[in-house]
Amino acid sequence: MDLLLNTVQPYAWGSTTAIPELMGVAPTGEPQAELWMGAHPAAPSRVVRDGGTLPLDRVIAADPARELGPAGLRRFGPRLPFLLKLLAADAPLSLQVHPDLAQAAAGFAVENAMGVPLDAPHRNYRDGNHKPEMIVALTPFEGLCGFRTPRRCADLLDRLEVPGLRPFAATLRGARDDEAALREVFTAFLSPPPGLVAEVAGALARQAVREAERDGPHRRDLGAFLAVARAHPGDPGLLPALMLRHFVLAPGQALYLGAGVPHAYLSGLGVEVMAGSDNVLRCGLTDKHVDRDELLKVVRFSALPTAPLAPRADGDGDGDGDGDGDEHVYPAPVDDFRLSRIELGAPARSLSRPRPLDSGAPQIVLCTRGGARLTSAGATLRIGPGQAVYVPAWERVGVSGEGTLFRATAGVPGDPRNRAGH
């Protein structure tokens, strides 16, 4: 196993304080949006070996069967199939959607055949993989995800009292086919009439104040959309954003985001895990490339609810029945990743009974509170908040201490503990 040296991504929407506070270090004054843990080629973690540091992707490439395990190598090829992150948002991210596996493979092949460079700003598909993802809140975590029902979309548009929105509200309210109505209005909102975005932003400011003064039921929703409007003034993405559900996760709750679901994170600190892909199609709230036609092929115009997920007890604790060291798994319908949380109890008890972290697949173990001691046959590592350890598939490791750990691994065929929802 290896202590990981990880890269911080300084995206402009990132918090300047959340990740430093978790790690107990002084802020730099610059945004620290994401801490990447994994072998993604854009910013692989580094490990200390043979007196120097090596990128984790090179370590895995040197002996993929040993690092990933035979089953993982057969299933995913010679790569770590997931990326783990600490994500700290202080401003709205871009409104975006991810393709499914078939769409990604087809789109990647088409752009390759066209000779579009992989790093071209207008490229849609940078690899042939899908990008399901999950966020687990460490603080209250706010965002937009999935479509409201047409009727609820219409109610919100009418509440803003903007004349230019009335035809769209009428289309939604009179819908006989929900998906067709959502598609029609969403498509129109991607290229709105001149001046409509500014009118809506002004209306949001007025209505948010009114709702806050009377502590109305729409106060939080309107406040979220107003924050979007202020963070991205004049951006047409504000209009499709109005069609999405506003959510707030409590610490410990999670949200899974599958293919075709439009979403945008707004604020909060969380642990994020995703399949190893860069495929993002943007709907707005960005100065990056927006491909309207390709986007409409990928978006799923369904108003299914996007309920927060609570973790499920794995039932494989430390064996003494007191709950110390028990693992709680956040269910996901994919095998690219498996994310769980482990709460370790008092050190005097835990240190004498390390909890095994058997998997048969590569793992990354992240500490978010307190501290942990990881032991194997030949090594011992101690980690604190914001530190992470990479464990190759072949290695058997035990963990003890007092704190909170997040454990990311991949599904392995034949191991029931790695099944989604187990």
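Above: the structure in question.
Report on the accompanying structure. Since the model is a prediction, treat every value here as computed from it, not as a measurement.

1. Description of the packing of aromatic side chains
On inspection of all chains with the given rule, the structure shows 6 aromatic pairs. Seen from their ring centres, Phe 141 and Tyr 265 are 5.2 Å apart, and the 80° between their planes marks the pair as edge-to-face. Within this pair, whereas Phe 141 is found in strand 9 (residues 141-147), its partner Tyr 265 is found in strand 12 (residues 263-275), the two being separated by 124 residues in sequence. Of the two residues, Phe 141 and Tyr 265, both sit in the buried class. If you follow Arg 66 out to its NZ or CZ, it ends over the ring of Trp 394, 4.0 Å from the centre.

2. Remarks on the pairing of strand 21 (residues 398-409)
Remark: a regular strand shows side chains that alternate across the two faces of the sheet. Of all 12 residues in strand 21, 11 are buried; the element is thus mostly enclosed. The pairing of strand 16 (residues 338-344) with strand 21 spans 7 bridges and is antiparallel. Each bridged residue has a counterpart across the sheet, and for Ser 340 the counterpart in strand 21 is Arg 407. Sheet analysis places strand 17 (residues 355-356) next to strand 21, joined by 2 bridges and oriented antiparallel. The residue of strand 21 that forms the bridge with Pro 356 is Gly 398. Across 12 bridges, the pairing between strand 18 (residues 363-375) and strand 21 is antiparallel. Looking at strand 21, one finds that Leu 366 is bridged to Phe 406.

3. Looking at the pattern of salt bridges
The full count for this structure, using the stated rule, is 17 salt bridges. Notably, a salt bridge pairs Asp 335 with Arg 75, separated by 2.9 Å at the nearest N-O pair. Separated by 260 residues along the polypeptide, Asp 335 in the loop between strand 15 (327-330) and strand 16 and Arg 75 in helix 4 (residues 70-76) bring together distant segments of the chain. According to the relative accessible area criterion, Asp 335 is partly exposed, its value standing at 23%. Given the relative accessible area of 40%, Arg 75 is considered partly exposed. The salt bridge involving Glu 343 is made with Arg 341; its shortest N-O contact spans 3.2 Å. Given the relative accessible area of 30%, Glu 343 is considered partly exposed. What you see here is one network of salt bridges that share partners, running through Glu 327, Arg 338, Arg 355 and Arg 407.

4. A closer look at helix 7 (residues 166-173)
Of all the positions in helix 7, only Phe 168, Ala 169 and Leu 172 are classed as buried. Projected down its long axis, helix 7 carries its buried residues within an arc of 100°, all on one side. On its buried face, helix 7 sits against helix 6 (150-159), helix 8 (178-190) and helix 9 (196-213).

5. Brief notes about the packing of helix 7 against helix 8
Packing of helix 7 against helix 8 leaves a shortest axis separation of 9 Å and a crossing angle of 160°. On the basis of the axis angle, helix 7 is roughly antiparallel to helix 8. Classified by chirality, the crossing of helix 8 by helix 7 is left-handed. On the side of helix 7, the interface is formed by Phe 168, Thr 171 and Leu 172, while helix 8 contributes Ala 181, Leu 182, Glu 184, Val 185, Ala 188 and Phe 189. Grouping the constituent residues of the contact of helix 7 with helix 8 by class yields 7 nonpolar, 1 polar and 1 charged.

6. Examining helix 6
Restricting attention to buried positions, one finds in helix 6 the residues Pro 150, Cys 153, Ala 154, Leu 156 and Leu 157. One side of helix 6 holds all its buried residues, which, seen down the axis, span an arc of 165°. Of the exposed residues in helix 6, the ones pointing more than 90 degrees away from its buried face are Arg 151 and Arg 152. Each element contacted by the buried residues of helix 6 is listed here: helix 7, helix 8 and helix 10 (219-231). Just downstream of helix 6 lies Glu 161, where phi reads positive at about 55°.

7. Points about the environment of Val 97
When you line up the elements, Val 97 lands in strand 7 (residues 95-97). Put simply, Val 97 and Leu 257 are 160 residues apart on the chain and 9.2 Å apart in space, counted from C-alpha to C-alpha. When residues no more than four places from it in sequence are discounted, the contact partners of Val 97 are Gly 260, Val 261, Pro 262, His 263, Asn 279, Val 280, Leu 281, Leu 295, Val 298 and Val 299.

Cut-offs and rules
Residues numbered from 1 in each chain as written. Predicted model: local features only at pLDDT ≥ 70, side-chain atom pairs only at ≥ 80, totals over all residues. Heavy atoms only, no water. Phe/Tyr/Trp six-rings, centres within 6.5 Å; stacked < 30°, edge-to-face > 60°. Helix = DSSP H or I, 4+ residues; strand = E, 2+ residues; numbered from the N terminus. Buried < 20%, exposed > 50% of the residue type's maximum accessible area, 1.4 Å probe, protein only. Lys NZ or Arg CZ within 6 Å of the ring centre and 35° of its normal. Pairing = 2+ DSSP bridges. Salt bridge = Lys/Arg side-chain N within 4 Å of Asp/Glu carboxyl O. Arc of directions from axis to C-beta. Contact = heavy atoms within 4.5 Å. Axes fitted to C-alpha atoms, helices over the stretch in contact; angles between N-to-C directions. Parallel < 35°, antiparallel > 145°, perpendicular 65-115°, else oblique. Left-handed = near helix turned anticlockwise from the far one by under 90°. Nonpolar A, V, L, I, M, F, W, Y, C, P; charged D, E, K, R; others polar.

From the geometry alone we can't say anything about function, so treat these as descriptive.
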